[in-house]
Amino acid sequence: MFRYFRALDPRRSLATAVAWLAVALSLAIALALVAVGDYAANSMLAQRDTLMKRFAGQVAADLERALVNEAQPGSSAPVLPSRERLAALIDAARQRTKPDPRARILLLDERHRIVFESPDEAPEPWLPLLLPGVALVQGEDGTRSAVVTAPREAASSLAALGLYVAVVQPAEERGQAGSLQEKLTAISILLSITAALVGAAFARVLTRRLGELTLQVQRVARQEADGIVEPKGQDEVAVLGRAFSRLLQALRQEHDELDQLTQELEQRVQARTREVERLAADSRYAAVVRERLRLARDLHDTLAHSMMEMLHEIRTLRVLHAHDPQRLGAELERAEEVARQGMKEAREAVSQMRLNAVRDLGLGAALAGAVNRFAERTGLDVRFSADPQAASFADPRAETLFRIAEETLRNIGQHAQALHVDVALKDLGDGTIELAIKDDGVGFDVAEPHPGHYGLVGMREQAQLIDAEFELHSIPGAGTTMQLRLRVGPEMRPGNNGVRHAAPTP
């Protein structure tokens, strides 16, 4: 049953709300009509009582004048007129006051017995005690009558006879006032029912179009329809339907534009993916090329030098074999030593390819080891110094700096004919480190070409790969200075202890 009561909730639908509004209005109209009916009934009863009082007072006044005028001379007590005279006086008073035709005039004695009645009907033997004013008396048959007594001071002569005037009228509380109230009540009930039916019908007419629009919107929401049929007219439902239609059209247009944009983005993503794949292939190829160049430089720095020395020794042996055979044995030992040194350098190069001392220990420690090996191999006076910050640098660019330093030391050992070498790794204080290698050898002309020698070219290429500044200063007879400056930024780790070495001269 609770479900049926919930269906009466005005918040569930507009039709229910309008129907409840119609019922409320009809009830208000019914209450207003009932109130009007009560007021009309009370007004008619008050009018009845007023007429009855006026009628009673007029009859009492006429009787008083008749008693005074018809009193016999010398008689002290007044004499009641004849019945015909009383009936004529009462009829005259009735014509003047025009009471209800059913109103009757009674003359009552002090024991409330009826002495005279007009119009003449079957009189009641007695009436209960009546006080001045208006009273309701119920008869033995259940009918009620309204009784109005005239004040006794209005007819003193009549009071002297022990009589007083009373007006009796059927007290149909329903009477004319009651019939009017009943009519108003019936009319209010009919109006309430009519208002409820009209409200329900109006709500059905109003909500029918709104319900159809709601069903269309729900179908669109369930993707069962592409749009709605715009309602005709100028009312709120038509305005709402047109607004929904425009909104759906705008959403559909935005959806189509979004689909088109998504397709364009997918095409762009596919194109970018192909471009990235191409760039990745190029990057892999460039990495392979860089690795080939690195291997070529390493081979040049190790095996090429050793092979050149071996070739030089073979040529010397050939000359000695032709012109000075006695020195052949000593030169063979020299050739053997060169081969052994070349083998050692090749093994060191392979070891460096497998193990990365720069990345594991830092640039400072790796340079210190290379300087010590160079000093042991050449017997030169080599001094090495490194600032703590610069010595801790250990990213892939540090490996390039290390290889350039090795190539520079190798060139000094083979070509410079120097006695002293200074190697310095400095922190310039602005996130930049500097590697400087200086010797006091024979020097050379930097601008003069050296066909067949690729050491300097390789060092410049390696410096360019890491965006380092490469400078080479040399004057014949005044030694050579190589300087590398690299902006490292935060890659240079602070707080690590640097090293300062002075390579001993054997």
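**What about the overall build of the chain?**
Of regular secondary structure, the chain possesses 12 helices and 11 strands. Among the 506 residues that make up the chain, the fraction classed as buried is 35%. Within the chain, contacts between residues separated by at least 24 positions form 66% of all contacts whose residues are at least 6 apart in sequence. Per element, the accessible surface of the chain, about 31700 Å² overall, is 57% carbon and sulfur.

**What to know about a nonpolar patch on the surface**
On the surface, I29, I187 and L191 cluster together into a nonpolar patch covering about 230 Å² of accessible area. Relative to the elements of secondary structure, I187 occurs in helix 5 (residues 175-221).

**Re helix 3 (residues 83-97)**
Along its 15 residues, helix 3 runs 21 Å from first to last C-alpha, staying within 8% of the 21 Å computed at 1.5 Å per residue. Listed as buried for helix 3 are L86, L89, I90, A93, R94 and T97. Down the axis of helix 3, the smallest arc covering the buried residues is 140°, so these residues share one side. In helix 3, the exposed residues that point more than 90 degrees away from the buried face are E84 and Q95. The first or second residue beyond helix 3 is K98, which carries a positive phi of 50°.

**Considering the environment of Q389**
Relative to the elements of secondary structure, Q389 occurs in helix 10 (residues 388-391). When the C-alpha atoms of Q389 and G429 are compared, they prove to be 9.2 Å apart, with 40 residues separating the residues in sequence.

**Some words on the packing of helix 11 (residues 396-416) against helix 12 (residues 455-465)**
Direction vectors running N to C along helix 11 and helix 12 enclose 165°, while the axes themselves pass 10 Å from each other. Taken together, the axes of helix 11 and helix 12 are roughly antiparallel relative to one another. Crossing of helix 11 against helix 12: the hand is left-handed. Counted together, T400, R403, I404, E407, T408 and N411 of helix 11 and G455, M459, Q462 and A463 of helix 12 form the full contact between these two elements.

**Some remarks on the pairing of strand 7 (residues 420-427)**
Note that strand 6 (residues 381-386) and strand 7 share six bridges and pair parallel. Directly across from S385, in strand 7, lies its bridge partner A424. As paired elements, strand 7 and strand 8 (residues 432-439) share seven bridges and run antiparallel to each other. Residue pairing in the sheet places K426 in a bridge with E434 of strand 8. Here strand 7 folds back onto strand 8 in antiparallel fashion, the turn holding four residues, of which G429 has a positive phi close to 90°.

**Concerning the pattern of salt bridges**
Where side chains of opposite charge bring their charged atoms close, a pairing between them can arise. For the structure shown, the criterion picks out nine salt bridges. As a salt-bridge pair, R102 and D100 come within 3.3 Å of each other at their nearest N and O atoms. D100 gets classed as buried once you look at its relative accessible area, which sits at 18%. For the salt bridge of D395 with R397, the shortest nitrogen-to-oxygen distance reads 3.0 Å. Classification of D395 by relative accessible area gives buried; the value is 14%. Within this structure, D62, R65 and R96 form a network of salt bridges that share partners.

**Structural notes on unusual backbone geometry**
With a phi close to 50°, K98 is a non-glycine residue in the positive phi region. Residue position: K98 is located in the loop between helix 3 and strand 1 (104-108). Even without being a glycine, D467 presents a positive backbone phi close to 60°. Here D467 is to be found in the loop between helix 12 and strand 9 (469-474). Overall, the relative accessible area of 68% leaves D467 in the exposed class.

About the thresholds
- Residues numbered from 1 in each chain as written.
- Predicted model: local features only at pLDDT ≥ 70, side-chain atom pairs only at ≥ 80, totals over all residues.
- Heavy atoms only, no water.
- Helix = DSSP H or I, 4+ residues; strand = E, 2+ residues; numbered from the N terminus.
- Buried < 20%, exposed > 50% of the residue type's maximum accessible area, 1.4 Å probe, protein only.
- Contact = heavy atoms within 4.5 Å.
- Areas by Shrake-Rupley, 256 points an atom, 1.4 Å probe, with all protein chains shown as cover.
- Patch = residues over 30% accessible without salt bridge, like charges linked within 9 Å, V, L, I, M, F, W, Y side chains within 5 Å.
- Salt bridge = Lys/Arg side-chain N within 4 Å of Asp/Glu carboxyl O.
- Expected span 1.5 Å × (residues − 1).
- Arc of directions from axis to C-beta.
- Axes fitted to C-alpha atoms, helices over the stretch in contact; angles between N-to-C directions.
- Parallel < 35°, antiparallel > 145°, perpendicular 65-115°, else oblique.
- Left-handed = near helix turned anticlockwise from the far one by under 90°.
- Pairing = 2+ DSSP bridges.

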